[in-house]
Amino acid sequence: MMDSDSCAPFLKFQFTPWIPFLVIRSINLNGGGTDRFGGLYGGIDGFAATAVESDEELDVTSDLVTSYRHHLEQKHDMLLGMLFDHGTYQKLYSYQHLINGFSVHISPEQAEALRHAPGVKSVHRDWKVRRLTTHTPQFLGLPTGVWPTGGGFDKAGEDIVIGFVDSGIFPRHPSFGSHNTEPFGPLPKYRGKCEVDPNTKMEFCNGKIIGAQHFAKAAIAAGVFNPTVDFASPLDGDGHGSHTAAIAAGNNGIPVRMHGYEVGKASGMAPRARIAVYKALYRLFGGFVSDVVAAIEQAVHDGVDILNLSVGPNGPPATTKTTFLNPFDAVLLSAVKAGVFVAQAAGNGGPFSKTVLSYSPWITSVAAAVDDRRYKNHLTLGNKKMIPGICLSPATHAGRTFTLVAANDVLLDSSVVKYSPSDCQKPEVLNKNMVEGNILLCGYSFNFVVGTASIKKVSETAKSLGAIGFVLAVENASPGTKYDPVPVGLPGILITDVSKSMELIEYYNISTARDWTGRVRSFKAVGSIGDGLRPILHKSAPQVALFSGRGPNIKDYSFQEADLLKPDILAPGSLIWAAWSPNGTDEANYIGAGFAMISGTSMAAPHIAGIAALVKQKHFHWSPAAIKSALMTTSTTLDRAMRPLQAQQYSGSETVSLVPATPFDYGSGHVNPRAALDPGLIFDAGYQDYLGFLCTTPGIDSHEIRNYTNSACNYTLGHPSNLNSPSITISHLVKTRTVTRTVTNVAKKETYVITARMAPAIAIQTNPSAMTLRPGASSKFSVTLTVRSVTGAYSFGEVVLKGSRGHMVRIPVVAMGYDR
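Residues numbered from 1 in each chain as written. Predicted model: local features only at pLDDT ≥ 70, side-chain atom pairs only at ≥ 80, totals over all residues. Heavy atoms only, no water.

## Here we look at the overall build of the protein
Next up, step 1: Across its full length, the protein carries 19 helices and 43 strands.
Next up, step 2: Within the span of the protein, comprising 820 residues, buried residues form 61% of the whole.
Next up, step 3: In the form shown here, the protein has an accessible surface area of approximately 30,400 Å², with 52% of it arising from carbon and sulfur atoms. (Helix = DSSP H or I, 4+ residues; strand = E, 2+ residues; numbered from the N terminus. Buried < 20%, exposed > 50% of the residue type's maximum accessible area, 1.4 Å probe, protein only. Areas by Shrake-Rupley, 256 points an atom, 1.4 Å probe, with all protein chains shown as cover.)

## Brief notes about the sheet that holds strand β36 (residues 728–734)
Next up, step 1: Strand order in this open sheet of five strands is β36-β43-β42-β38-β40, and the pairing throughout is mixed. Two strands lie at the open edges of the sheet, namely β36 and β40 (770–773), each paired on one side alone. Across the sheet, the axes of successive neighbouring strands diverge by a mean angle of 25 degrees, strand direction being ignored.
Next up, step 2: Both strand β42 (residues 795–803) and strand β43 (residues 808–818) contribute to a ladder of eight bridges, which runs antiparallel. By the bridge assignment for β43, F796 is matched with V814. (Pairing = 2+ DSSP bridges. Axes fitted to C-alpha atoms, helices over the stretch in contact; angles between N-to-C directions.)

## A look at the UniProt feature "active site" (unreviewed entry) in the protein
Next up, step 1: Under the present numbering, the feature "active site" (unreviewed entry) in UniProt falls on D166, H240 and S602. A stretch of 437 residues holds the annotated residues, and the largest C-alpha distance among them is 9.9 Å, short enough that they meet in one place.
Next up, step 2: Checked against the element boundaries, H240 lands in helix α7 (residues 240–249).
Next up, step 3: Polar contacts involving the side chain of H240 include one to the side chain of D166, which spans 2.7 Å.
Next up, step 4: Relative to the helices and strands, S602 resides in helix α14 (residues 601–618).
Next up, step 5: S602 gets classed as buried once you look at its relative accessible area, which sits at 0%. (UniProt positions renumbered as here; feature names shortened; annotations may be inferred. Polar contact = N/O pair within 3.5 Å; in protein donor to acceptor, adjacent residues only side chain to side chain.)

## Some remarks on the pattern of salt bridges
Next up, step 1: Scanning the model with the defined rule gives 17 salt bridges in all.
Next up, step 2: Here E73 ties to K91 by a salt bridge, and the two come within 3.4 Å at their closest N and O atoms. Taken as a pair, E73 in helix α1 (residues 63–83) and K91 in strand β4 (residues 90–95) lie far apart in primary sequence, 18 residues in all.
Next up, step 3: A salt bridge links D665 to R550, with the nearest nitrogen and oxygen atoms 2.9 Å apart. (Salt bridge = Lys/Arg side-chain N within 4 Å of Asp/Glu carboxyl O.)

## Concerning the sheet that holds strand β41 (residues 778–787)
Next up, step 1: Spatial ordering of the open sheet is given by β35-β37-β41-β39, a layout of four strands whose pairing is antiparallel. Edge strands, defined here as strands with exactly one partner in the open sheet, are β35 (681–682) and β39 (762–767).
Next up, step 2: Here strand β37 (residues 736–745) pairs with β41 via nine bridges, running antiparallel. Residue pairing for β41: T738 is matched across the bridge by T784.

## Digging into the environment of F402
Next up, step 1: In this structure, F402 sits in strand β21 (residues 402–406).
Next up, step 2: Since its relative accessible area comes to 4%, F402 is described here as buried.
Next up, step 3: Sequence spacing of F402 and I468 is 66 residues, and the spatial spacing of their C-alpha atoms is 7.9 Å.
Next up, step 4: Ignoring anything within four residues of it in the chain, the contact list for F402 reads T396, H397, G437, I439, I468, A525, V526 and G527. (Contact = heavy atoms within 4.5 Å.)

## Things to note about the packing of helix α8 (residues 289–302) against helix α9 (residues 327–337)
Next up, step 1: The interhelical angle for the contact between α8 and α9, taken along N-to-C directions, is 0 degrees, at an axis separation of 10 Å. Taken together, α8 and α9 sit at an angle that is classed as roughly parallel. For the pair α8 and α9, the contacting residues are V292, V293, I296 and V300 in the first and F328, V331, L332 and A335 in the second.
Next up, step 2: Considering only residue class, the contact of α8 with α9 consists of eight nonpolar, no polar and no charged. (Parallel < 35°, antiparallel > 145°, perpendicular 65-115°, else oblique. Nonpolar A, V, L, I, M, F, W, Y, C, P; charged D, E, K, R; others polar.)

## Digging into the side chain of K616
Next up, step 1: On the secondary structure map, K616 appears in helix α14.
Next up, step 2: Despite its burial, K616 remains without a salt bridge, the nearest opposite charge being carried by D305 at 4.8 Å.
Next up, step 3: If near-sequence neighbours (up to four positions away) are discounted, K616 is found in contact with I160, D305, I306, G339, W622 and I627. (Lys, Arg positive; Asp, Glu negative; His and termini not counted.)

## Notes on the state of the cysteines
Next up, step 1: According to the stated counting rule, one finds three disulfides in the structure shown.
Next up, step 2: Disulfide pairing is shown between C424 and C442; the S-S distance is 2.1 Å. Between C424 and C442, the disulfide has an S-S torsion of -95 degrees and is therefore left-handed. Of this pair, C424 sits in the loop between β21 and α10 (432–435) while C442 is found in strand β22 (residues 439–443), placing the two residues 18 residues apart along the sequence.
Next up, step 3: Put simply, C695 and C713 are joined by a disulfide, and their sulfur atoms are 2.1 Å apart. (Disulfide = S-S within 2.5 Å.)

## Concerning α9
Next up, step 1: Summarising burial for α9: eleven of the eleven residues are buried, a large majority.
Next up, step 2: Listing the buried residues of α9 in full gives P327, F328, D329, A330, V331, L332, L333, S334, A335, V336 and K337.

## Digging into the environment of D166
Next up, step 1: With respect to the helices and strands, D166 occurs in strand β8 (residues 161–166).
Next up, step 2: A relative accessible area of 1% places D166 in the buried class.
Next up, step 3: In the structure, D166 is positioned 129 residues away from A295 in sequence and 9.4 Å away in space, judged by C-alpha atoms.
Next up, step 4: If sequence neighbours within four positions are ignored, D166 has contacts with H240, G241, T244, Y278, K279, A280, L281 and S310.

## Let's talk about the packing of α7 against α14
Next up, step 1: Where α7 contacts α14, the axes come no closer than 7 Å and their chain directions differ by 35 degrees. In this structure, α7 meets α14 at a crossing whose hand is right-handed. From α7, H240, H243, T244, I247 and A248 reach across to α14, where they touch S602, M603, P606, H607 and G610. (Left-handed = near helix turned anticlockwise from the far one by under 90°.)

## Comments concerning the environment of S657
Next up, step 1: Within the fold, S657 resides in strand β34 (residues 656–660).
Next up, step 2: Along the backbone, S657 and A647 are ten residues apart, and their C-alpha atoms lie at a distance of 8.3 Å.
Next up, step 3: Apart from the residues within four sequence positions on either side, S657 is in contact with A647, Q648, Q649, Y650 and S651.

## Regarding unusual backbone geometry
Next up, step 1: Going from G551 to P552, the amide bond is cis rather than trans, its omega being 0 degrees.
Next up, step 2: Note on placement: P552 falls in the loop between β29 (543–544) and β30 (569–572).
Next up, step 3: Residue N767 is joined to P768 through a cis peptide bond whose omega torsion reads 0 degrees.
Next up, step 4: With respect to the helices and strands, the residue P768 is situated in the loop between β39 and β40.
Next up, step 5: Of note in this structure, F231 is not a glycine but carries a positive phi near 65 degrees.

## Focus on the pairing of strand β24 (residues 492–495)
On a regular strand, each side chain points to the face opposite its neighbour's, so the side chains alternate between the two faces of the sheet.
Next up, step 1: Alternating positions in β24 separate into two faces, G492 and L494 on one and I493 and I495 on the other, with burial throughout.
Next up, step 2: Here four bridges tie strand β23 (residues 469–473) to β24, and the two strands are oriented parallel to one another. Its bridge partner being in β24, L472 is matched across the sheet by L494.

## Quick look at a nonpolar patch on the surface
Next up, step 1: On the surface, a cluster of nonpolar side chains totalling about 270 Å² of accessible area is made up of F446, V449 and V450.
Next up, step 2: When you line up the elements, V450 lands in helix α11 (residues 446–450). (Patch = residues over 30% accessible without salt bridge, like charges linked within 9 Å, V, L, I, M, F, W, Y side chains within 5 Å.)

## Some points on the nonpolar core
Inside soluble globular proteins, nonpolar side chains tend to come together where they are buried.
Next up, step 1: Judged by nonpolar contacts, the single largest core of 72 residues is most densely connected at I162, W577, Y590, I608 and L631.
Next up, step 2: In contact with I162, other than residues within four places in its own chain, are A248, A249, A273, R274, I275, A276, I306, A609, G610 and A613.
Next up, step 3: By size, the runner-up hydrophobic cluster in this structure holds 69 residues, among which are A218, Y278, L309 and V331. (Core = buried A, V, L, I, M, F, W, Y, C linked by side-chain atoms within 4.5 Å.)

This is the structure we're talking about:
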């Protein structure tokens, strides 16, 4: 089951007279400085800039910056007041740091008038976004290979602030507690605030949680916010936000108890990092970009170091010509410019191509992997056959078998067939006297696929009827259905293989005596359920999860392919145990639970956010690009058995099979935290480099770039593939092209030998063949790609820089050859 990433359709003009709009402004005041992308330069007497021209820190707390921020907000208000009558509009947010603009609730006609107002650069209708661990620290080698280098788990991530733009947090969860940890000292660099829930008076901040705010003005204006279930506070009404926060920064060693059994101990990747909550997602409708942008801007203003976004658009933006230049990605570029590392979920549209929903080079886009843990169980029948299945449950009593009774054979009244009694969702329609002490057989119908039935409810039904356990058999496979193990309190098993379900049914029917009407005279089928609580560790891991969004990356809403590789990196995202909110109802199997085991790229992104916090802790002054480079160039393309990574994919019969994975599945590879702390070389980049990338992208509108950045395209890279990223992608290679990269040594003096390999259709050469770099020194190298044969498919390869001190720096190379 993937994480719940549903959201309501866009609001249509004919359904509501007012629509939220995002308005981007660029104001030139008194001939002075101009409002800039990433904030404002000032240039007006008495005001300081609210952003800076280069990649450097900005003191947002200074009186001058604060006064200029107020000045901008007054200008936003003045513009609206001049155009529209009082009461005919509702301003939601003023954005003054990352972009200069505001969000306003107006009619389409008013929006058109605003679009032509002096100083207004662009107007966008607001759009929706959606929501895109006990074992993964061990799987990633953190306790033995990473945490000790930073002082142990009780220091891992110390004083690093991770901001979560998500569905809030449940602050009373032990993963976020502060009473059993070393006291958290003050953190002056963080300037966020802590809201209090207006109804429960619940407080959210405790030292571990250092900030908690919620953003819902656009949702309220759209008429979809329900305070009863959505909570007008940072309280998590979903579970998703608590889950992602715990994966990245949850406390270490928290027992995961389900139904009286402990299934392991949970820990975040950076268990000592601080958590800052910016709630902008809600249970029933997802969220609006106006609220998300306000949350991101507030997080950067408050001083977060890392930003986790397990959130993304429904599809490529139609409001701009390019995926890289829309209000959402533009705000994130400003966040990166301010020094904030951004991890974003790649999307859950896999295994199909072009389903990545995180597009831009300044963002670290995270794909989801299946780790080495598998939960398996078995049902042993009276004829000695062993039927395999899954379920996180205890075993029936050792050495004993129990009678099997099918739900359809123990109905209280045949008229209740209309309630699908075989689903075992309604105990009141089954005969308790016939079920008590036996194993209840149930059928896995389409109701489970669509979410109107749950395994949790089957377990509750069986328990209320006094059953020893239950069996849930899949008799008809629905294409694409993903079966996840679910924790239950009594013995249970889900049989996912239809042929094995048929074996069970055949044995049951042969063993069950019936009269001429079909009524059962005696139940003779027996069986026992094994122990499903202990996971089995496999070496065939990691694998790219079936649902994980795939490349190629696209540069526009016409799905033209970009010269930029996405996703960037692979991290665990399947069956991840982490904290859950007891308020959460989106996962039927975990209603009221304190922990949940769920899947999605939403779970992969916080793994990278937490690991990035560990890198930031060790190398505090590294840029976001440097941290991203360290993670990517040290990743692995091999599984635990030292075989090339594989990806889950559909076969012709809609069953899941494994195929060789490519960079379009995993980016640079699966994250290797220990190596990322000491990468040897980094590929660095900053705001001007990203601006050059935008200005070089074919088909991009230079006026649109100016609207967002107020910068002319005076600097280009020659070709987008020359951006100094730790990957090389050429989507349309004709004859020969040479790209350049610059590496910076972040270790001791070292000599690197450069080699490259590529699929036969493309020839690859590097120059020079070796280079020696002193500490802090930078050097360029070039990679030349030449078409040998036109195949109509992408070719994959890599460039490897092998250091004399043992560093191994690897970047993926992707190209498709054309004859013209």
